[in-house]
Amino acid sequence: MGVNNIIKFARYIFGIILIFSFAMSSIFVFAQDGVRKSVKTEKGIMQAYIKGSGSKTIVMLSGFGTDNPIGDFAPLADKFCDEYKVVILEYFGYGSSDITKDERTNQSIVVEIRMALCGLGIEPPYILMPHSMSGLYSLYYAGKYPEEVSGIIGIDMSLPQKQIERRESGELKEISAENPEKLNISLLNQWNKFYENSKELESIKYPENMPVLAFLATEQIDSVNSMIKLGKMKTSWVDMNNIMITNPDIQNIEILEGTHYLHHEQADRISEISKRFIDGVI
């Protein structure tokens, strides 16, 4: 074998070793960072991401239409996994989860959350951390299965009153099956149940013994105030959240500067305040 061939062969072997080393380090980093799992339920396969191993479990639930909930929540999950087990669930129709034609009622979605967590072998109680529309499902879950929910930490989470006021003013409309947004059937059905799911919870308030921390985004506060001026809503976002409180000792509101996707901009503050809240009352 000539010198040139020996050099080429050596480069070839070195390249293989380099690729193998990179692949193994990637696997190790992925294992260190958390694990993505597919969980089979009666309705199909849902995707989940698990990180951390604390004695308390935080379940992150995305807002409507979030394209990639696992990626969306991952930076926030990083802030909590040093002390808690964090689970990010992707509903049917989201991320890489299956699509379902089932009705997107509060009950259906809560059943799916419970099935997924059971399939993952993660036992209650859970600290629910809903963003936006998932606030409705968290309220339903806490009311229906209070023994499984140790607390709620909402990130600008939806409340029934807002959607009811928007619907009554004609501001909240259903989306046609010929929707220009090209939503899949799961998302389309979910949006079109938004009002009915809110109406079902119209009279509900936080259970008196349920710790709740509600983060409100200044953008949402300003948006609701603008709709009030236009006659499209009646109640401010801060007042709506205050109306939900039944026990001020364990139910708090925190206003943070930012957009509706508050966890993108205020992950550090959300983590800091939440940890203090969890240590104090959950």
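Predicted model, so just to flag it, every value in this text is computed and none were measured.

A. Geometry of a negative patch on the surface. A cluster of acidic side chains, namely Glu-219, Asp-222, Glu-257 and Glu-265, defines a negative patch on the protein surface. If you trace the backbone, Glu-257 turns up in the loop between strand E8 (251-256) and helix H10 (262-265).

B. Region of interest: the packing of aromatic side chains. Tallying each qualifying case throughout the model produces 6 aromatic pairs. Relative to Tyr-94, the ring of Tyr-91 lies with its centre 5.8 Å away and its plane at 75°, an arrangement referred to as edge-to-face. Here the two residues Tyr-91 and Tyr-94 agree in accessibility, since each one is buried. Judged by centre distance (5.9 Å) and plane angle (85°), the rings of Tyr-141 and Tyr-145 are edge-to-face.

C. Structural view of the pattern of salt bridges. One pass over the full model with this rule turns up 15 salt bridges. Across the pair Lys-275 and Asp-82 runs a salt bridge, and its minimum N-O distance is 3.0 Å. Of this pair, Lys-275 sits in helix H11 (residues 267-281) while Asp-82 sits in the loop between helix H2 (69-80) and strand E4 (85-90); the two residues are 193 residues apart in sequence, bridging distant segments of the chain. With relative accessibility at 56%, the residue Asp-82 sits in the exposed group. Here Glu-148 ties to Arg-114 by a salt bridge, and the two come within 2.7 Å at their closest N and O atoms. Of this pair, Glu-148 sits in the loop between helix H4 (134-144) and strand E6 (149-155) while Arg-114 sits in helix H3 (residues 106-119), placing them 34 residues apart in sequence. Assessed through its relative accessible area of 11%, Glu-148 is described here as buried. Residue Arg-114 is classed as partly exposed on the basis of its relative accessible area of 28%. A network of salt bridges, in which partner residues are shared, links Lys-43, Asp-102, Arg-104 and Glu-112.

Scoring rules and cut-offs
- Residues numbered from 1 in each chain as written.
- Predicted model: local features only at pLDDT ≥ 70, side-chain atom pairs only at ≥ 80, totals over all residues.
- Heavy atoms only, no water.
- Patch = residues over 30% accessible without salt bridge, like charges linked within 9 Å, V, L, I, M, F, W, Y side chains within 5 Å.
- Areas by Shrake-Rupley, 256 points an atom, 1.4 Å probe, with all protein chains shown as cover.
- Salt bridge = Lys/Arg side-chain N within 4 Å of Asp/Glu carboxyl O.
- Lys, Arg positive; Asp, Glu negative; His and termini not counted.
- Charge placed at Lys NZ, Arg CZ, Asp CG, Glu CD.
- Helix = DSSP H or I, 4+ residues; strand = E, 2+ residues; numbered from the N terminus.
- Phe/Tyr/Trp six-rings, centres within 6.5 Å; stacked < 30°, edge-to-face > 60°.
- Buried < 20%, exposed > 50% of the residue type's maximum accessible area, 1.4 Å probe, protein only.

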